[in-house]
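Coordinate analysis (summary)
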Amino acid sequence: MSTAQAVAPSAPSPLRQAGDRMLEAAPGILTWVLLLSPAWITLVFPSSGAFVVAVVVLVFDLYWFVRSFTVITGMWSTFLRMRRDMSVDWLARCREPVPEGAPEPLSFSHLSIIPTYTEPYGVLEKTVRAIVQASYPKELKLIAIITRVEDEPGWANVARLQQQFGDQVGGFFHVKDPMEPPLVPGKSAAMNWGGREMVMRLTELGYDLGRVLVTDLDSDYRVHPQYFGWLSWHHARHPGRECVIWQPVPLFHNNIWEVPTAVRVLSAATSQWQMFLHSRPQRLVPFSSYTCSLRFVKEVGYWDKDVIPEDSRFYWKSFFVFGEKLSVAPVYLPLYGDSPQSRDYASTHLSQYNQMKRWAWGITDVPYVLKRMFKHPEIPLLLRLRRFSNLALNHLNWIFLPTMLMFGAWLPVWSNEDFSLTDLGQNLTFYSGWILTATLSTTVALIVLEHMILPPKPAGWPWWRRAVVYLQSFSYPIVGLALSVLPALEAHTRLLLGKYLEYRVTEKQI
């Protein structure tokens, strides 16, 4: 037998497969156990259990009352920083003298990698135009658009864009993804191929990968005019620039006045939550579109080909490579994205539901991290535990916290007649409702904030429609339950049952 003959990798043992499956099922099991806890606790421990559930419900209500002020304060803090940084000419700042030992900001090139599939030309044209018009030297701006090899309409779009904008940037590349198996079709697989391709091409062209800042840019995202200048100035001065991921604030404002109210409310809530996380950098993880050096991407091993949540998985791969050196730093500038918008009213809501389900599929990071948690002793144990607990609690609270706030006060009363006759049982819904009503008053601060960051309303809208917009935030409890909690619960349940999610492109209209 030839010594050069390849040996096929052996399949995992049945015991290993069973262990992996148990890790996958664990998050879904825990989700359902917690979700049903107000009911099963009162059934197993009738009166005492109902009392404990009632106390826990009131504690959660009080926690969210206090937490709402923390969230509002964090959002306003981020907004004020954004308003400050949006008014600065960062390109001019890049030309100022640099501290001793720091690289020149204008020594950095910016590569925007844009994975596409079925996106209309009009969406791509606006994305590329924003890059071209950004305040940064054109020779330092690079664009790479990824299409599938069989996507001939996509080829035509890229050729048209190259003809229109090719001479206005330092390089305009078309990457054709052959979709080599094994993979899960989607953004992460496309970025895997596109990242490798661009490392090869730019290395051949003589670029220093450490001086190329690559932005994983969704096809409908439009960079702020100061984005590249801001990044170059701050990256040059960041002491851990080799191990940092930069996260801007996503604002889904491009078509915000064209989508139904429920979609607009959920888009606003997503942006608001990201603004809050920017005030807590220790909890920040990459979301949707972000920036790091191309050398960083190569050292991490690129994006995974077999996952759907490309952003969070890229973060965890980076964490296990760089450990405590890794940081996710906030960018106090927005990236402007599209809200889901499909061909009609019903399909637009379905598209929003599927987008949230895809984001919630990040629950698959839990078994991924658990399998690696104790294989990296070089990373401090407390750091591993803290970051894992943030991951797990964020996904569990996505479902459990809103459900507990909305229905928790009723469950012990409904499930235990003896408790319902007690003073606490008769007044529980009153106490809970009073706390949540007081919490809802903080929505006024959200309304004011939204008014300050949203684009102008359509000139043709009547006065009453303009006024009603300010009340839309009060519908979030219902909207969030239907278009956020339920798709997240479906994602957790699918993972529990082994019904794996397929990537679905969020529909976007011109």
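A few points on the structure. Please read all numbers here as calculations on a predicted model, not as lab measurements.

**Quick notes on the overall build of the chain**
Of regular secondary structure, the chain possesses 20 helices and 8 strands. Projected onto its principal axes, the C-alpha positions of the chain cover 80 × 75 × 50 Å. Relative to its 510 residues, the chain shows a buried fraction of 54%. The long-range fraction of contacts in the chain, counting pairs at least 24 apart against all pairs at least 6 apart in sequence, stands at 81%. Looking at the chain as shown, the accessible area adds up to about 23200 Å², and 63% of this sits on carbon and sulfur atoms. With 47 positive and 42 negative side-chain charges, the chain shows a separation of 2 Å between the mean positions of the two kinds.

**Digging into the pairing of strand β8 (residues 327-336)**
By the criterion of burial, β8 is predominantly enclosed, with 8 of the 10 residues buried. Summarising the sheet, strand β5 (residues 222-223) and β8 pair through 2 bridges and their orientation is antiparallel. Pairing of Arg222 across the sheet is with Tyr336, part of β8.

**Looking at the side chain of Thr270**
For Thr270, the position within the fold is in helix α9 (residues 261-278). Only 2.9 Å separates the side chain of Thr270 from the backbone oxygen of Leu266, close enough to count as a polar contact. Beyond its immediate stretch of four places on either side in the chain, Thr270 contacts Phe252, Phe287 and Trp359.

**Concerning the packing of aromatic side chains**
Counted according to the given criterion, the structure contains 23 aromatic pairs. When the centroid spacing of 5.5 Å and the interplanar angle of 80 degrees are considered together, the rings of Phe60 and Phe400 count as edge-to-face. Taken together, the residues Phe60 in helix α3 (residues 46-86) and Phe400 in helix α14 (residues 381-407) connect sequence positions 340 residues apart. Relative to Phe314, the ring of Phe296 lies with its centre 6.0 Å away and its plane at 50 degrees, an arrangement referred to as tilted. Of this pair, Phe296 sits in helix α10 (residues 294-300) while Phe314 sits in helix α11 (residues 310-322); the two residues are 18 residues apart in sequence, bridging distant segments of the chain. Neither residue differs from the other here; Phe296 and Phe314 are each classed as buried. Seen from the ring of Phe108, Arg211 lies directly overhead, with NZ or CZ sitting 5.4 Å from the centre.

**Quick word on α11**
Compared with the 18 Å implied by 1.5 Å per residue over 13 residues, the 18 Å span of α11 between its first and last C-alpha is a close match. When you tally the buried positions in α11, you get 12 out of 13 residues, the bulk of the element. Looking at α11, one finds that the buried residues are Glu310, Asp311, Ser312, Arg313, Phe314, Tyr315, Trp316, Lys317, Ser318, Phe319, Phe320 and Phe322. At the C-terminal side of α11, Gly323 shows a positive phi close to 60 degrees.

**So, the pattern of salt bridges**
Using the criterion set out here, one finds 16 salt bridges in the structure. With its nearest N and O atoms 3.2 Å apart, the salt bridge here joins Asp216 to Lys187. Taken together, the positions of Asp216 in strand β4 (residues 212-216) and Lys187 in helix α7 (residues 187-204) put the pair 29 residues apart, joining distant regions of the chain. For Asp216, a relative accessible area of 2% gives the class buried.

**Examining helix α6 (residues 152-165)**
Along an α-helix, a turn takes 3.6 residues, which lines up residues three or four apart on a common side. Compared with an ideal rise of 1.5 Å per residue, which puts 14 residues at 20 Å, α6 spans 20 Å between its outermost C-alpha atoms and is within 8% of the ideal. All of the buried residues in α6 are Gly154, Asn157, Val158, Leu161 and Phe165. One face of α6 carries all of its buried residues, which in axial projection span an arc of 95 degrees. Residues of α6 that are exposed and point more than 90 degrees away from the buried face comprise Glu152 and Gln163. Lining the buried residues of α6 we find α5 (121-133), β2 (141-148) and β3 (171-177).

Analysis parameters
- Residues numbered from 1 in each chain as written.
- Predicted model: local features only at pLDDT ≥ 70, side-chain atom pairs only at ≥ 80, totals over all residues.
- Heavy atoms only, no water.
- Helix = DSSP H or I, 4+ residues; strand = E, 2+ residues; numbered from the N terminus.
- Buried < 20%, exposed > 50% of the residue type's maximum accessible area, 1.4 Å probe, protein only.
- Contact = heavy atoms within 4.5 Å.
- Areas by Shrake-Rupley, 256 points an atom, 1.4 Å probe, with all protein chains shown as cover.
- Lys, Arg positive; Asp, Glu negative; His and termini not counted.
- Charge placed at Lys NZ, Arg CZ, Asp CG, Glu CD.
- Pairing = 2+ DSSP bridges.
- Polar contact = N/O pair within 3.5 Å; in protein donor to acceptor, adjacent residues only side chain to side chain.
- Phe/Tyr/Trp six-rings, centres within 6.5 Å; stacked < 30°, edge-to-face > 60°.
- Lys NZ or Arg CZ within 6 Å of the ring centre and 35° of its normal.
- Expected span 1.5 Å × (residues − 1).
- Salt bridge = Lys/Arg side-chain N within 4 Å of Asp/Glu carboxyl O.
- Arc of directions from axis to C-beta.

These figures capture arrangement, not role.
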